[in-house]
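# A look at the structure
Chain by chain, the residues:
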Amino acid sequence: MNVKKRIIAVILLTAGICIGYLWPSKPKVSVVMLTYQREKILPRAIDSILGQTYKDFELIIINDGSTDKTEEVVNSYQDKRIRYYKNDKNRGIAYSRNKAADLARGEYIMIMDDDDKSLPERMAQQVAFLDKNKEITAVAGQISGLPRIPENHDDIAAGLIQYNNFGNANIMYRNAFAKQKQIRYDENLRACEDWDFWINMLFSGAKMASIPDDVLERNGMSEKHYGMSYEEGNIAVREKIGKKLFPADTQKFYHADACEKIKMLGDKKIFTAPFYENLLKINCP
């Protein structure tokens, strides 16, 4: 190799290194974790992510203005996959979830709560499912000890209209879909913001599924820090669902009988055609 070619090769190599440093390759998965006042149990959650068998991910941790030693806990980890941010004050669940989603670079977003533990194969299983099933937007895994989540879209959709039967911290979804449809958490909600998010996904054409395996263990003893009661949250989300169906009468849907409800949902196309036709046969004799 002559001197001129060597110089060119060195320039290209140096440029490649600089580009890789400034714009590192995007991870397949962005794990998004909101935390607040959980210094004692946060390591359990972080360790369960760093211990995943699937390795191509980033872990985005949003500290929602904690006054305990949360920051010290996070800074004790020397893992380059962790991206840590702290809100200037306590801004709430929805704000922090939106912030994490905005920062996410991965093809898939995996939700993780700071008081849960993801089982080691969780990420690998959910990535494999979404890679194989291109028509599915979001996939849930089962939560140990809790009622089983339906595995097919139609059953999930039928439940979501009434309550959150899908979960939240057990879910992985396609980042591009949410961004394209501009689906965000409602920052006016301090509870049930996850249910509202999935309803918005559903009415935007998302297809949902679950895998049969447990992917998450809950910590039922952890203290809750956000103020809105789930009863208030349920009322607020039902109001929003009703408004999507009948803007002039938000209660019309929930006051209707089963047959009327199904007919009201007909033009929303949230079910597959065969499932919807069967619903009509069963409920509208």
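Look a little higher up for the structure.
Let me sum up the structure you'll find in this document. None of the values given here were measured: they were computed from a predicted structure.

Cut-offs used in this document
Residues numbered from 1 in each chain as written. Predicted model: local features only at pLDDT ≥ 70, side-chain atom pairs only at ≥ 80, totals over all residues. Heavy atoms only, no water. 1 Å grid on protein atoms, 1.4 Å probe; cavity = no way out; pocket = protein on both sides within 12 Å on 5 of 7 lines; lining within 4 Å. Points joined across faces, edges and corners; volume = space filled by probe spheres on them. Helix = DSSP H or I, 4+ residues; strand = E, 2+ residues; numbered from the N terminus. Nonpolar A, V, L, I, M, F, W, Y, C, P; charged D, E, K, R; others polar. Salt bridge = Lys/Arg side-chain N within 4 Å of Asp/Glu carboxyl O. Buried < 20%, exposed > 50% of the residue type's maximum accessible area, 1.4 Å probe, protein only. Polar contact = N/O pair within 3.5 Å; in protein donor to acceptor, adjacent residues only side chain to side chain. Core = buried A, V, L, I, M, F, W, Y, C linked by side-chain atoms within 4.5 Å. Contact = heavy atoms within 4.5 Å. Disulfide = S-S within 2.5 Å. Pairing = 2+ DSSP bridges.

Right, let's get into empty space enclosed by the protein. One pass over the structure, following the stated rule, counts 1 cavity of 30 Å³ or more. Computed from the structure, the largest cavity encloses a volume of approximately 60 Å³. Along its surface, the largest cavity is lined by Val32, Met33, Leu34, Ile62, Ser96, Arg97, Ala100, Ala101, Ile109, Ile111, Tyr173 and Tyr185. When residues of the lining of the largest cavity are assigned to their parent elements, the largest contribution, 4 residues, is made by helix H4 (residues 93–103). Here the lining of the largest cavity is composed, by residue class, of 10 nonpolar, 1 polar and 1 charged.

The final tally for this structure, using the stated rule, is 17 salt bridges. Glu217 is the salt-bridge partner of Arg44, the closest N and O atoms lying 3.9 Å from each other. Placement of the pair is Arg44 in helix H2 (residues 42–50) and Glu217 in strand S8 (residues 208–217), with a sequence separation of 173 residues. Since its relative accessible area comes to 29%, Glu217 is described here as partly exposed. Note that Asp79 is salt-bridged to Arg81, the shortest N-O span being 2.9 Å. Relative accessible area serves as the criterion here: at 22%, Asp79 is assigned to the partly exposed category. Given the relative accessible area of 22%, Arg81 is considered partly exposed. If you follow the salt bridges from partner to partner, you end up with Lys28, Glu107 and Asp131 in one network.

The next subject is helix H8 (residues 193–203). The buried fraction of H8 amounts to 10 of the 11 residues, a majority that puts the element mostly inside the structure. One or two positions beyond H8, positive phi appears at Gly205, with a value near 100°.

Relative to the helices and strands, Thr35 is located in strand S1 (residues 29–35). A polar atom in the side chain of Thr35 sits 2.9 Å from the side chain of Asp114.

What follows is about the nonpolar core. The biggest cluster of nonpolar side chains holds 47 residues, and the ones touching the most others in it are Leu160, Phe166, Tyr173, Trp198, Met201, Met208 and Phe271. Aside from chain neighbours lying at most four places away, what touches Leu160 is Asn165, Phe166, Trp195, Trp198, Ile199, Leu202, Met208 and Ile241. Formed by 32 residues, the second largest nonpolar core is a distinct cluster that contains Val31, Ile49, Val73 and Phe129.

A separate point is the state of the cysteines. Counted by the stated rule, this structure contains 1 disulfide. Paired by a disulfide, Cys259 and Cys284 hold their sulfur atoms 2.0 Å apart. Torsion about the S-S bond of the Cys259 and Cys284 cystine: about 120°, corresponding to right-handed handedness. Taken together, the residues Cys259 in helix H11 (residues 258–264) and Cys284 in the segment after helix H12 (273–283) connect sequence positions 25 residues apart. By relative accessible area, Cys259 is classed as buried at 15%.

What follows concerns the pairing of strand S4 (residues 108–113). Burial analysis of S4 places 6 of its 6 residues in the buried class, which makes it a mostly covered element. Because side chains alternate across S4, one face comprises the buried residues Tyr108, Met110 and Met112, and the other comprises Ile109, Ile111 and Asp113, equally buried. In the sheet, S1 pairs with S4 via 6 bridges, with the strands oriented parallel. Residue pairing for S4: Val31 is matched across the bridge by Met110. In this sheet, strand S7 (residues 171–174) lies alongside S4 in antiparallel orientation, the contact comprising 3 bridges. Looking at S7, one finds that Met110 is bridged to Met172.

Everything listed is a geometric property; what it means functionally is a separate question.
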